[in-house]
Amino acid sequence: MANTPLTLPEKVWRDHVVVPGKESDGQRSPDLLYIDLHLVHEVTSPQAFEGLRLAGRPVRRPDLTIATEDHNTPTLEIDKPIADPISRKQVDTLRANAEEFGVRIHSLGDADQGIVHVVGPQLGLTQPGMTVVCGDSHTSTHGAFGALAMGIGTSEVEHVLATQTLPLKPFKTMAITVNGSLRPGVSSKDIILAVIAEIGTGGGQGYVLEYRGSAIEELSMDARMTICNMSIEAGARAGMIAPDATTYEFIKGRPHAPQGEDWDAAIEYWDSLRTDDGAVFDAEVILDADTLDPFVTWGTNPGQGVSLNGAVPAPTDFTDDVARESAERALTYMDLQPGTRMKDIRVDTVFLGSCTNSRMEDLRAAAEIIAGRDKDPDVRMIVVPGSAKVRLQAEAEGLDKIFKEFGAEWRFAGCSMCLGMNPDQLAPGERCASTSNRNFEGRQGKGGRTHLVSPVVAAATAIRGTLSAPADILVPA
Amino acid sequence: MEPITTHTGVGVPLKQSNVDTDQIIPAVYLKRITKTGFEDALFSSWRKNPDFVLNQPVYKHGSVLVAGSDFGTGSSREHAVWALKDYGFRAVISSRFADIFYGNSAKQGLLAAKVAQPDVELIWKELENNPGTEITVDLVNRTVRCGSVDTTFEIDNYTRWRLLEGLDDISLTLREESSVEAFEATRPGFKPKTLPAKV
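Residues numbered from 1 in each chain as written. Chains lettered and ligands numbered in written order. Predicted model: local features only at pLDDT ≥ 70, side-chain atom pairs only at ≥ 80, totals over all residues. Heavy atoms only, no water.

## Digging into the overall build of chain A
Okay, so step 1: The helix and strand inventory of chain A stands at 16 helices and 21 strands.
Okay, so step 2: Its C-alpha atoms give chain A a radius of gyration of 22 Å, near enough to 23 Å, the size a compact globule of 477 residues would have.
Okay, so step 3: Projecting the C-alpha coordinates of chain A onto the three principal axes gives extents of approximately 60 × 55 × 45 Å.
Okay, so step 4: Considering chain A as a whole, with its 477 residues, one finds that 67% of them fall into the buried category.
Okay, so step 5: Intrachain contacts of chain A at a sequence separation of at least 6 include 75% that bridge at least 24 residues.
Okay, so step 6: Accessible surface for chain A amounts to roughly 15,900 Å². Of this, 50% is attributable to carbon and sulfur atoms. (Helix = DSSP H or I, 4+ residues; strand = E, 2+ residues; numbered from the N terminus. Rg over C-alpha atoms; globule rule 2.2 N^0.38 Å. Buried < 20%, exposed > 50% of the residue type's maximum accessible area, 1.4 Å probe, protein only. Contact = heavy atoms within 4.5 Å. Areas by Shrake-Rupley, 256 points an atom, 1.4 Å probe, with all protein chains shown as cover.)

## Points about helix 15 (residues 455-464) of chain A
Residue and element names in this part refer to chain A.
Okay, so step 1: Helix 15 sits mainly inside the fold: 9 of its 10 residues count as buried.
Okay, so step 2: Where helix 15 is concerned, the buried positions are Pro 455, Val 456, Val 457, Ala 458, Ala 459, Ala 460, Thr 461, Ala 462 and Ile 463.
Okay, so step 3: In the stretch just after helix 15, Gly 465 is the one whose phi turns positive, near 85°.

## Points about the interface of chain A and chain B
Okay, so step 1: Of the residues lining the interface, 86 residues belong to chain A; the matching set on chain B comes to 63 residues.
Okay, so step 2: When chain A packs against chain B, the two sides together hide about 6,000 Å² of surface, and 56% of this comes from carbon and sulfur.
Okay, so step 3: Scanning the region where chain A abuts chain B turns up 8 salt bridges.
Okay, so step 4: Between Asp 84 of chain A and Lys 31 of chain B there is a salt bridge; the shortest N-O distance is 2.7 Å.
Okay, so step 5: Taken together, the residues of the side of chain A that touches chain B break down into 30 nonpolar, 34 polar and 22 charged. (Buried area = accessible area lost by both parts, 1.4 Å probe. Salt bridge = Lys/Arg side-chain N within 4 Å of Asp/Glu carboxyl O. Nonpolar A, V, L, I, M, F, W, Y, C, P; charged D, E, K, R; others polar.)

## Points about the sheet that holds strand 6 (residues 143-146) of chain B
All names here are of chain B.
Okay, so step 1: Reading across the sheet, the 7 strands line up as 4-3-2-1-5-6-7 and stay open at both edges, with mixed pairing between neighbours. Each edge of the open sheet is held by one strand with a lone partner, namely strand 4 (111-114) and strand 7 (149-152). Neighbour-to-neighbour, the strand axes of this sheet turn through a mean angle of 25°, independent of strand direction.
Okay, so step 2: Alignment of strand 6 against strand 7, held across 4 bridges, turns out to be antiparallel. Each residue of the ladder has a partner; that of Thr 143, found in strand 7, is Thr 152.
Okay, so step 3: On the sheet, helix 4 (residues 117-129) packs against strand 1 (6-14), strand 2 (64-67), strand 3 (91-94), strand 5 (134-138), strand 6 and strand 7 and is oriented at approximately 120° with respect to strand 2. (Pairing = 2+ DSSP bridges. Axes fitted to C-alpha atoms, helices over the stretch in contact; angles between N-to-C directions.)

## Digging into the packing of aromatic side chains
Okay, so step 1: Scanning the entire structure with this criterion turns up 19 aromatic pairs over all chains.
Okay, so step 2: Taken together, a centroid distance of 5.5 Å and an interplanar angle of 35° make the contact between Tyr 248 of chain A and Trp 270 of chain A tilted. Of this pair, Tyr 248 of chain A sits in helix 9 (residues 245-251) while Trp 270 of chain A sits in helix 10 (residues 261-271); the two residues are 22 residues apart in sequence, bridging distant segments of the chain.
Okay, so step 3: Across from the ring centre of Tyr 102 of chain B, 4.6 Å away, lies the NZ or CZ of Lys 114 of chain B, which sits over that ring. (Phe/Tyr/Trp six-rings, centres within 6.5 Å; stacked < 30°, edge-to-face > 60°. Lys NZ or Arg CZ within 6 Å of the ring centre and 35° of its normal.)

## Here's the deal with the UniProt feature "binding site: [4Fe-4S] cluster" (unreviewed entry) in chain A
Residues and elements named next belong to chain A.
Okay, so step 1: UniProt's feature table lists "binding site: [4Fe-4S] cluster" (unreviewed entry) at Cys 355, Cys 415 and Cys 418, given in the numbering used throughout. Separation in sequence by 64 residues is not matched in space for these annotated residues, since their most distant C-alpha atoms are only 8.6 Å apart.
Okay, so step 2: Positionally, Cys 355 belongs in the loop between strand 17 (349-352) and helix 12 (360-370).
Okay, so step 3: The residues contacting Cys 355, other than those within four sequence positions of it, are Ile 115, His 117, His 138, Asn 229 and Asn 437.
Okay, so step 4: Inspection of the secondary structure assignment puts Cys 415 in the loop between strand 19 (409-410) and strand 20 (431-434).
Okay, so step 5: Looking at Cys 415, the relative accessible area reads 9%, which means it is buried.
Okay, so step 6: Ignoring anything within four residues of it in the chain, the contact list for Cys 415 reads Asp 70, His 71, Ile 115 and Phe 351. (UniProt positions renumbered as here; feature names shortened; annotations may be inferred.)

## Considering the domain arrangement of chain A
Residue and element names in this part refer to chain A.
Okay, so step 1: What the domain assignment reports for chain A is domain 1 (8-286) and domain 2 (294-474).
Okay, so step 2: A straight line from the C-alpha centre of domain 1 to that of domain 2 covers 24 Å.
Okay, so step 3: Domain 1 puts 42 residues into the contact, and the matching count from domain 2 is 44 residues.
Okay, so step 4: Across the interface of domain 1 and domain 2, roughly 3,300 Å² is buried in total on both sides, 61% from carbon and sulfur atoms.
Okay, so step 5: It is Thr 75, Ile 115 and Lys 189 that lose the most area in domain 1 upon contact with domain 2, and together they represent 19% of the buried surface on that side.
Okay, so step 6: Linking domain 1 with domain 2 are 2 salt bridges, by the criterion used here. (Domains from an automatic or database assignment.)

## Quick word on the pairing of strand 7 of chain B
Okay, so step 1: Residue alternation in strand 7 of chain B divides its side chains into a buried set, Val 149 and Thr 151 of chain B, and an unburied set, Asp 150 and Thr 152 of chain B.
Okay, so step 2: The turn linking strand 6 of chain B back onto strand 7 of chain B is made up of 2 residues, and Gly 147 of chain B within it adopts a positive phi angle of 55°.

## Quick look at the packing of helix 2 (residues 46-55) of chain A against helix 3 (residues 85-101) of chain A
All names here are of chain A.
Okay, so step 1: Contact geometry for helix 2 and helix 3: axes closest at 10 Å, N-to-C directions at 40°. As far as their axial angle goes, helix 3 and helix 2 are oblique. Note on packing geometry: the crossing formed by helix 2 with helix 3 is left-handed. On helix 3, the residues that touch Pro 46, Phe 49, Leu 52 and Arg 53 of helix 2 are Gln 90, Thr 93, Leu 94, Asn 97, Glu 100 and Phe 101.
Okay, so step 2: Partitioned by chemical class, the residues of the contact of helix 2 with helix 3 number 5 nonpolar, 3 polar and 2 charged. (Parallel < 35°, antiparallel > 145°, perpendicular 65-115°, else oblique. Left-handed = near helix turned anticlockwise from the far one by under 90°.)

## Notes on the sheet that holds strand 4 (residues 31-34) of chain A
Residues and elements named next belong to chain A.
Okay, so step 1: Taken in spatial order, the 3 strands line up as 1-4-10 in an open sheet, and their pairing is antiparallel. Of all the strands in the sheet, the pair left with one neighbour each is strand 1 (17-19) and strand 10 (165-168). The sheet shows a mean angle of 40° between the axes of neighbouring strands, taken without regard to direction.
Okay, so step 2: Relative to strand 10, strand 4 runs antiparallel, the two being bridged by 4 bridges. By the bridge assignment, Tyr 34 is partnered in strand 10 with Thr 165.

## Quick word on the nonpolar core
Okay, so step 1: Ranked by internal contacts, the top residues of the largest apolar core, which has 107 residues, are Phe 403 of chain A together with Phe 43, Phe 71 and Leu 84 of chain B.
Okay, so step 2: When residues in this core are grouped by element, the largest group, 7 residues, is from helix 15 of chain A.
Okay, so step 3: Taken domain by domain, this core gets at least three of its residues from each of domain 1 (8-286) and domain 2 (294-474) of chain A.
Okay, so step 4: Membership of the second largest hydrophobic core comes to 76 residues, among which are Leu 209, Ile 227, Phe 250 and Leu 287 of chain A. (Core = buried A, V, L, I, M, F, W, Y, C linked by side-chain atoms within 4.5 Å.)

## Description of a negative patch on the surface
Okay, so step 1: A cluster of acidic residues, Glu 261, Asp 262, Asp 264 and Glu 268 of chain A, forms a negative patch at the surface.
Okay, so step 2: Within the element layout of this structure, Glu 268 of chain A appears in helix 10. (Patch = residues over 30% accessible without salt bridge, like charges linked within 9 Å, V, L, I, M, F, W, Y side chains within 5 Å. Lys, Arg positive; Asp, Glu negative; His and termini not counted. Charge placed at Lys NZ, Arg CZ, Asp CG, Glu CD.)

## A closer look at the environment of Val 180 of chain B
Okay, so step 1: Here Val 180 of chain B is to be found in helix 7 (residues 177-185).
Okay, so step 2: With 109 residues separating them along the chain, Val 180 of chain B and Phe 71 of chain B place their C-alpha atoms 34 Å apart.
Okay, so step 3: If we skip the residues at most four places from it in the chain, Val 180 of chain B touches Val 18, Leu 32, Tyr 34, Arg 60, Thr 163 and Thr 165 of chain A.

Take a look at the structure:
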């Protein structure tokens, strides 16, 4: 029925169906969806390009495809050849594939190189109502613009390269409504960590999440991207936020933003995408931003988080057998005792970066806290901007000086220590407060222990050496 | 892709929930540009522990992994599926799979069978009591048999059909070329293009 009220995800889906699925035995085969933008990086694409080559297929729409180098690139001495020969070969392979198949690429050293999920929005290529895919689970980041954006595997990368479409089974929809307003020192990272702690790492499976409510509407685009970025950590392939004036303001004037009449037509369409009054979500979770504290993880999956004012839980706190066993294992790996106050936990390293928190707002917020203060001498801090352009902008604002005077390392752009593919890794047993997205065992380096935090908590922690909130710093001595 | 109808092989109990893709294959192994040769990478960190299940001789040649809930969470790396297959696994049983992992498995002909958690626990018990017991995963009838346990698994019709036929998605989609062209003709002009590059 034409007049059925629809949600934002349903509208974007509807507008991209090339061939609808067919019903049989009460089940529906996947819809074939058109893909508006395909982002490519060096790690999940080589086997896809090889598949095309073997089948003699071209890239169907190089003009809807863009590549950059991020996962496997160094963040020091980027003007020299990549030291690790296997990493170098992978990056060289991407460059050769881009040339062979006519795909635009932003390589190390280029002003538009950077984490793929920072680069897309930065160029204005990510826009509302689009379908965006990439061989990376954090593609959900782009949902902050009201795009339906999701991570795909390498077979799907090849499929999109060859056909510009993807067969997908329709998702259910879940509203994540965040009422009220965030208090000072609490940020969008804390919202998403609290959401994941609430619904669990599998709670969003099969759903597209739509984040809504006053606390979401008040967020900047950088902050919205942080939330949508971590939808996958709740098991949801995509998370979206309705486009509004904040979205349009961000896009306007960017290199690939619509111009003139196109801009007006785009706005009219984008305005029509918001969830209709009366549209029904398959599930809803409600959160109150007014009472939210900074959040931090204690365990080895992103759902194992607590308020920074809380303590390490005991496995016996969990009634569910699976959760209890998981907590026991996590506490052993993390070397934590139940009942330890989170703020008493000492860290060795602070990592500010990743597609979750490496944009200008993240760097500015952290710099504001550390400016004029001293770093705990036993803590190392690494700051990795999300893109070469973010790095340049930060330097134009003098943020690099603040970080360096503080004693932090100021690096070149890339995924870096978020996943430890390049030399930026934790040593066994090393404990890190990280603004990234995954605290899995060994994620940041074999035996490394990760606590996920917001940029301002990361900054405060670097000053005090123990997990800390900005308020712990700002209190007069 | 090789068609699958049924598989029988030694069941390997992995009694752990939330087995994420960083455990299945750590990122350091993702630098390779091939699609095969990942057997050494599978669970590489856990395999350093002599007590890990795959280090017990009876499970060394296991081919049906029986894991806790939320298997394959985290990254989109299809390398996780390649590593499982390269090691010799043909099927994974869990009560719940992460969406991207589940999709990747179907593309590569790794049978991901959703079995209710109480039945997963019965299978674990069976394997504990009789290590080395074989499990039969029957895609035609959607059943799992392990010793005295005989149960069903959930899989959607479309994925089952593709696996039974060994169909390649790209060839299927290329049959729809005229629909794709017709769709492209209706795309609004304001949608962005990456080329020519603007910076």
